[in-house]
Amino acid sequence: MSDPAAINTTLNSPQRQYPLERTRNFGICAHIDAGKTTTTERILFYTGLIHKIGDVDDGNTVTDWMEQEKERGITITSAAVTSFWTQKKDTGLFKNFEGIAHRINIIDTPGHVDFTAEVERSMRVLDGAVAVFCGVAGVQPQSETVWRQATKYKVPRIAFVNKMDRTGANFDNALSDMRKKLGAYAFPIFLNIGAEDKFAGVIDVVNQKAIIWGEGDLTNEGLKYEVTDIPAAHQERAAAALAELIDAVSNKDDAIAELILEEKPISVPVLKAAIRRLTCKIELIPVLCGTAFKKKGVQVLIDAVIDYLPSPLDIPPAQGMVPGTEDTLEVPPNDNSKFCSLAFKLWTDPYAGKLVFFRVYSGQLKKGDSIYNPRTRKRERVSRLMVIQGSERKDVDSVYSGDIAALVGLRNITTGDTLCNEDFDIALEPPTFPEPVISMAIEPKTKADQDKMSQGLQRLAEEDPTFRCFTNEETGQLIIAGMGELHLEIIRDRLKREFSVEADAGAPQIAYRETITKPAEGEGKFIRQSGGRGQYGHAIIDVEPNEKGKGVEIVNKVVGGTIPKEYIPAVMNGIAEAIKSGVYAGFQVIDIKVSVKDGSFHEVDSNELAFKMAGIFALKDAFAQAGPILLEPIMKVEATTPDEYQGDILGDINRRRGMIQGVDGKNGQTVLTAQVPLAEMFGYATAIRSLSKGRASYSMEPLHFEQVPNSVLTTVMDAAKKRPAARS
Ligand code: GDP
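The rules behind the values
- Residues numbered from 1 in each chain as written.
- Predicted model: local features only at pLDDT ≥ 70, side-chain atom pairs only at ≥ 80, totals over all residues.
- Heavy atoms only, no water.
- Helix = DSSP H or I, 4+ residues; strand = E, 2+ residues; numbered from the N terminus.
- Buried < 20%, exposed > 50% of the residue type's maximum accessible area, 1.4 Å probe, protein only.
- Contact = heavy atoms within 4.5 Å.
- Salt bridge = Lys/Arg side-chain N within 4 Å of Asp/Glu carboxyl O.
- Pairing = 2+ DSSP bridges.
- Axes fitted to C-alpha atoms, helices over the stretch in contact; angles between N-to-C directions.
- Left-handed = near helix turned anticlockwise from the far one by under 90°.
- Nonpolar A, V, L, I, M, F, W, Y, C, P; charged D, E, K, R; others polar.
- Polar contact = N/O pair within 3.5 Å; in protein donor to acceptor, adjacent residues only side chain to side chain.
- Phe/Tyr/Trp six-rings, centres within 6.5 Å; stacked < 30°, edge-to-face > 60°.
- Lys NZ or Arg CZ within 6 Å of the ring centre and 35° of its normal.
- Expected span 1.5 Å × (residues − 1).
- Arc of directions from axis to C-beta.
- Parallel < 35°, antiparallel > 145°, perpendicular 65-115°, else oblique.

**Some words on the overall build of the chain**
Along the backbone of the chain there are 16 helices and 38 strands. Considering the chain as a whole, with its 728 residues, one finds that 56% of them fall into the buried category. Taking all contacts inside the chain whose residues are at least 6 apart in sequence as the whole, residues at least 24 apart take part in 73%.

Quick look at the structure:
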């Protein structure tokens, strides 16, 4: 890290064009509408990948491939786009990197909370992220969610305060919001010069220079800019920001602290190296600003990505498990090690067919090589490798550690699969996904499309782990479940566009869950002796609550062969089946530990089916005694309203069983945050509109599951029984 131009030749293979040190895998994440798509677009423009700058509003941006994304203007599917950036000499700002080319892989993460899975998946393979905030709204609820996700996956970040040109934009407010709401140790490295229609450029705090962009049309080089001395009016602020930055860095970095103690000067490269060290360790968040739309501040943002976000060498190596053991393995990035990669996204491309996006952690892969999937224990030959450069799909012959690319034409791979050398048996930790919160029944408009629809839904479920589809055993209806109404609406849209199936859907239903509150024992017997050969299965189990979010664990603790070994899987299958279809009210059971511990068998009458039934009965028996409860999804809601409607909106949230978490005044507007059960949020868009004469807005996202209170339990249970489609 100390000499950015140095290349570690033992880790880099001689064939690769861009050494690991000069690779940046980063994502752009934010609240919807903060400007991710526009920022990505501008980066691709400035890096020379696209020649005509596209505006989201025109619906022709490069990363939004999917038709309906263009229509909706939101990026639903994270696209991995490769581009290249040579830090410019003429800015005079980044001399230590002068003229060095870097390869950047941008993963455009979706901001809409209905697509949390996409965000989680991409976080797993990012080395760093640019968090884009709206200069007017500051930290919005979904920015908080993606921030938390980035923290969970230990992703170093820089922050970009976008939309500085908009009325109401205020850099200082956005910064203090970041500190207050996100607890971020955030310090400006670029300050704004002016705001709103007077936003002219930025102050480079580290170099104490100003960069002023001109107005007008873009040249092939982008918008014209000038590097100047800091205008007099901004000098004091710029000096204070530098002092604050050095102070912040010295609090966390011994090298800088020492220089200060010894009263030695801190040179620009030394300060930048320290900022980089702290950013890579997630101990500091450098903050920049600009307006992607007006093309100002984008070049310095790309420079900051190179300067401060980690290369694959700067982050801890990926960890994996040796399948079937408790042993962990590290996978340090090295082209000359065994090949190891993670499939993080499946995508059906209209031209190239099924693509598997994967991130290489170590080794290299060439066309014609075989890859091994430890989950399926199968090998597949790689016939085609591809990277996406802008809207172009570009075939490549080989990929190296740290690269993000796509495999073409491989089957039997799902999201989260490790792909590696056959003699390197390892499973990288797959990402974890939240439970669906909403479901609906779906049927094709014409009966003849039934099979086509099932196939389509299955394909879509393979691509998206937060989308599920299954048949309701009682009604025979096909049910789809996901993260929100928009999520399921888009699934239907994709069915129509990609599989030519038009489908009718029922009303959205809440995906309740069941769990238990205390340990209990249960017994299940399935004994039939009505002439001929009988049936005999008998199992005794223990159940106990599992930690929140840990899911279901079923273990075998049978000793002494009281249940013969060959029947134990049947018992476990029975238990798993009962867990899936629910016991208490017919909803899936979560967060439970089950141990099969005892039972008995019959020499002649025992068989798999009998033991499976015994498993089902044992679980039902234990569950009834284990304090079963019903859980409902709780949403985090943020509503912004002019002050005068605050009282009405608060009252309405209270009536919806909401718990108010905060009431903040901001620029004559009140921002209300609350936790409200999803069950009470149907029709909220209309309600808030009529309460505020259309002037309030809101957003919401799933937070967690909570016990359904007794006051509404009967109503929920009755409704659930009447509407079996709700079950998931
Ligand atoms: P995303 O949902 O985060 O991908 O946001 P988009 O990039 O789609 O931008 C949302 C809206 O904000 C679009 O109408 C953009 O034109 C607009 N927008 C994006 N960046 C800026 C900016 O810097 N200034 C202004 N005024 N508008 C912007």
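Alright, that's what it looks like, and here's the rest.
**Looking at the environment of Leu342**
Within the fold, Leu342 resides in strand β14 (residues 340-349). Taking the relative accessible area as the measure of exposure, Leu342 reaches 1% and is therefore buried. Note: C-alpha distance between Leu342 and Val356 (14 residues apart in sequence) is 9.8 Å. In this structure, Leu342 is in contact with Arg124, Val125, Phe357, Phe358, Arg359, Tyr361, Gly416, Asp417, Thr418 and Leu428, ignoring residues within four places of it in sequence.

**Let's talk about the environment of Leu182**
Tracing the sequence through the fold places Leu182 in helix α5 (residues 171-182). For Leu182 and Val139, which are 43 residues apart along the polypeptide, the C-alpha to C-alpha distance reads 8.1 Å. When near neighbours in sequence (up to four residues on either side) are disregarded, Leu182 contacts Phe133, Val139, Glu144, Trp147 and Asp177.

**Remarks on the pattern of salt bridges**
All chains considered together, the criterion is met by 29 salt bridges. A salt bridge links Arg359 to Asp127; its shortest N-O distance comes to 2.8 Å. A residue pair is termed long-range when its members are at least 10 positions apart, and Arg359 in strand β15 (residues 353-362) and Asp127 in the loop between α3 (116-125) and β4 (128-134) qualify at 232 residues. Taken as a pair, Arg359 and Asp127 share a single burial class, namely buried. Across the pair Asp314 and Arg276 runs a salt bridge whose closest N-O atoms are separated by 2.6 Å. Of the two residues, Asp314 sits in the loop between α9 (298-308) and β12 (318-321) while Arg276 sits in helix α8 (residues 268-280), which places them 38 residues apart along the sequence. The class of Asp314 is buried, set by a relative accessible area of 18%. On the accessibility criterion, Arg276 (7% relative accessible area) is buried. Through salt bridges with shared partners, a single network forms among Arg16, Arg103, Asp335 and Asp403.

**Observations regarding the sheet that holds strand β31 (residues 520-528)**
Taking strand neighbours across the sheet as the criterion, the four strands line up as β31-β32-β34-β33 in an open arrangement whose pairing is mixed. Pairing within the sheet leaves two strands with one partner each, and these edge strands are β31 and β33 (552-556). On average, each strand axis in the sheet is inclined to that of its neighbour by 25°, with strand direction left out of account. Note that strand β32 (residues 535-545) and strand β34 (residues 592-600) share eight bridges and pair antiparallel. Considered in β34, the bridge of Val543 is made with Val594. Running over the sheet, helix α12 (residues 568-581) touches β32, β33 and β34 and is turned about 160° from β33. Each of β31, β32 and β34 is contacted by helix α13 (residues 608-625), which is oriented at about 145° to β31, the strand it contacts most.

**Here we look at the packing of helix α6 (residues 232-252) against helix α7 (residues 254-261)**
One can describe the packing of α6 onto α7 by two numbers: an axis separation of 6 Å at closest approach and a directional angle of 115°. By crossing handedness, the relation of α6 to α7 is classed as left-handed. Contacts between α6 and α7 pair Ile246, Val249, Ser250 and Lys252 from the former with Asp254, Ile256, Ala257 and Ile260 from the latter. A class-by-class count of the residues in the contact of α6 with α7 yields five nonpolar, one polar and two charged.

**Remarks on the side chain of Asn162**
Positionally, Asn162 belongs in strand β5 (residues 157-162). Polar contacts involving the side chain of Asn162 include one to the main-chain amide nitrogen of Ala292, which spans 2.8 Å. With residues near it in sequence (within four places) discarded, Asn162 still touches Ala34, Gly35, Thr39, Val132, Phe133, Cys134, Gly135, Gly290, Thr291 and Ala292.

**Overview of the packing of aromatic side chains**
On inspection of all chains with the given rule, the structure shows nine aromatic pairs. Seen in terms of ring centroids, Phe526 and Phe617 are 6.1 Å apart; in terms of plane orientation they differ by 40°. Their pairing is tilted. In this pair, Phe526 sits in strand β31 while Phe617 sits in helix α13, placing the two residues 91 residues apart along the sequence. A residue is classified by how much of its surface remains accessible, and Phe526, at 10% relative accessible area, is buried. Note on Phe617: relative accessible area 32%, which makes it partly exposed. If you follow Arg179 out to its NZ or CZ, it ends over the ring of Phe187, 4.8 Å from the centre.

**Here's the deal with α5**
End to end, α5 covers 16 Å across 12 residues, agreeing with the expected 16 Å (1.5 Å per residue, within 8%). Inspection of α5 places Phe171, Ala174, Leu175, Asp177, Met178 and Leu182 among the buried residues, and these make up the whole buried set. Burial along α5 is one-sided: seen end-on, the buried residues are contained in an arc of 155°. Among the residues of α5, the N-terminal cap falls to Asn170, whose side-chain oxygen and the backbone nitrogen of Asp172 are separated by 3.1 Å.

**Comments concerning the sheet that holds strand β24 (residues 427-428)**
Reading across the sheet, the three strands line up as β13-β12-β24 and stay open at both edges, with antiparallel pairing between neighbours. With one partner strand each, in any of the chains shown, β13 (328-331) and β24 form the two edges of the open sheet. Inspection of the sheet shows β12 paired to β24 by two bridges, in the antiparallel sense. Residue pairing for β24: Met321 is matched across the bridge by Ala427.

**Focus: unusual backbone geometry**
A positive phi is found at Asp591, a non-glycine position, where the angle reads about 50°. Positive phi values are uncommon outside glycine, yet Arg657 reaches one of about 60°. For Arg657, the position within the fold is in the loop between α14 (646-655) and β36 (659-666).

**Some words on the pairing of strand β1 (residues 23-30)**
Among the eight residues in β1, eight count as buried, and that is most of the element. Burial along β1 is two-sided: the face carrying Thr23, Asn25, Gly27 and Cys29 and the face carrying Arg24, Phe26, Ile28 and Ala30 are both buried. As defined by bridge partners, β1 adjoins β4 across five bridges and the pair is classed as parallel. Paired with Ala30 across the bridge in β4 is Val132.

**Brief notes about the packing of α12 against α13**
Direction vectors running N to C along α12 and α13 enclose 45°, while the axes themselves pass 7 Å from each other. Comparing their axes, α13 and α12 come out oblique. Considering the relative orientation of α12 and α13, their crossing is right-handed. Here Ala570, Val571, Gly574, Ile575, Glu577, Ala578 and Ile579 of α12 come into contact with α13, specifically with Glu608, Phe611, Lys612, Gly615, Ile616 and Leu619. Of the residues assigned to the contact of α12 with α13, the class counts are eight nonpolar, two polar and three charged.

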